[in-house]
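Spelled out, the chains give:
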Amino acid sequence: NRRKAIILLGKKHLRVKQQRHDFCHKEANKLVNRFDMIAVEDLNIKGLTRNNRLAKSICDAAWGNFIKTLDVKAANAGRRLIKVPAAYTSIDCAKCGHRGKAKPLTMRWHSCPVCDFETHRDHNGALNVWHRGLKIVGLGKPEVTPVESYGARRSRNVAVKSGAKGLRPCGV
């Protein structure tokens, strides 16, 4: 009975691993097929997993595997994956560039005291990653207004889409 239980548990773990792998490939394909340039934060995943409360969730999400898969698929498709330094992406204001104070993870809203720009903390971080990715490529920082920035994705990883109107963050 014990051997049977061990074999059944191993099969369940293998199934979850394969589902995670399949999801990473499908999502990477969607991003690579949709965008010419993809900008992501260059996170220190190993350092983040030292936080006991978040370690299991971070490992379960397989961020590192997703970024590796995205990098390979982008290179094969002739797209650019830009890894942006993660420093201050959720602290700096995406509109005016003002650097505020460090925020605890429980504070989910970004409010700039200089330009009165208000948005979700993750959306502000996503816009900052996008702006820094464009700077790395050499396209500079586009003008972003609060109207344009409403309703973006909840992810801190941001993809950039090229089209008739130029580059814009996905979800805007």
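Residues numbered from 1 in each chain as written. Predicted model: local features only at pLDDT ≥ 70, side-chain atom pairs only at ≥ 80, totals over all residues. Heavy atoms only, no water.

1. Concerning the overall build of the protein chain
Scanning the protein chain from terminus to terminus reveals five helices and six strands. Listing each helix as α and each strand as β along the protein chain from the N terminus yields α-β-α-α-α-β-β-β-α-β-β. A sequence separation of at least 24 residues applies to 62% of the contacts in the protein chain between residues at least 6 apart. In the form shown here, the protein chain has an accessible surface area of approximately 11400 Å², with 54% of it arising from carbon and sulfur atoms. (Helix = DSSP H or I, 4+ residues; strand = E, 2+ residues; numbered from the N terminus. Contact = heavy atoms within 4.5 Å. Areas by Shrake-Rupley, 256 points an atom, 1.4 Å probe, with all protein chains shown as cover.)

2. Focus on the pairing of strand E1 (residues 37-42)
Burial runs high along E1: five of the six residues are buried. Pairing analysis gives six bridges linking E1 to strand E2 (residues 80-85), with the strands arranged parallel. Bridge assignment links Met 37 to a residue of E2, and that residue is Arg 80. (Buried < 20%, exposed > 50% of the residue type's maximum accessible area, 1.4 Å probe, protein only. Pairing = 2+ DSSP bridges.)

3. Here's the deal with helix H5 (residues 121-137)
Taking 1.5 Å as the rise per residue, H5 with 17 residues should run 24 Å; its terminal C-alpha atoms sit 25 Å apart, in good agreement. Within H5, 13 of the 17 residues are buried, leaving the element largely enclosed by the surrounding structure. With its phi angle positive at about 100°, Gly 138 sits one or two positions after the end of H5. (Expected span 1.5 Å × (residues − 1).)

4. A closer look at the packing of helix H1 (residues 2-34) against helix H4 (residues 63-77)
Two packed helices can be described by the angle between their axes and the distance between those axes. Interhelical geometry of H1 versus H4 gives an angle of 40° and a closest axis separation of 9 Å. Taken together, H1 and H4 sit at an angle that is classed as oblique. Helix-helix and strand crossings are classified by hand; for H1 and H4 the assignment is right-handed. Residue-level inspection shows Cys 24, His 25, Glu 27, Ala 28, Asn 29, Leu 31 and Val 32 of H1 in contact with H4, the latter providing Phe 66, Thr 69, Leu 70, Lys 73, Ala 74 and Ala 77. For the contact of H1 with H4, a count of residues per class yields eight nonpolar, three polar and two charged. (Axes fitted to C-alpha atoms, helices over the stretch in contact; angles between N-to-C directions. Parallel < 35°, antiparallel > 145°, perpendicular 65-115°, else oblique. Left-handed = near helix turned anticlockwise from the far one by under 90°. Nonpolar A, V, L, I, M, F, W, Y, C, P; charged D, E, K, R; others polar.)

5. Concerning the confidence of the model for the protein chain
Residues of the protein chain with pLDDT of at least 70 account for 81%, and the chain-wide mean is 79. The low-confidence segment residues 145-166 (pLDDT under 50) makes 61 contacts with residues lying over four places distant or belonging to another chain. (pLDDT = per-residue confidence, 0-100.)

6. A short note on the packing of aromatic side chains
Under the criterion given, the structure shown has zero aromatic pairs. Looking at Arg 99, its charged tip hangs above the ring of Tyr 88, at a distance of 3.7 Å from the centre. (Phe/Tyr/Trp six-rings, centres within 6.5 Å; stacked < 30°, edge-to-face > 60°. Lys NZ or Arg CZ within 6 Å of the ring centre and 35° of its normal.)

7. Thoughts on the environment of Lys 17
Following the sequence through the fold, Lys 17 ends up in helix H1. Taking relative accessible area as the criterion, Lys 17 reaches 56% and is therefore assigned exposed. Considering only alpha carbons, one finds Lys 17 and Asp 60, 43 residues apart in sequence, at a separation of 9.7 Å.

8. Looking at the environment of Leu 127
Topologically, Leu 127 is positioned in helix H5. What makes Leu 127 buried here is its relative accessible area of 2%. Linking Leu 127 and Ser 90, residues 37 residues apart in sequence, is a C-alpha distance of 9.3 Å.

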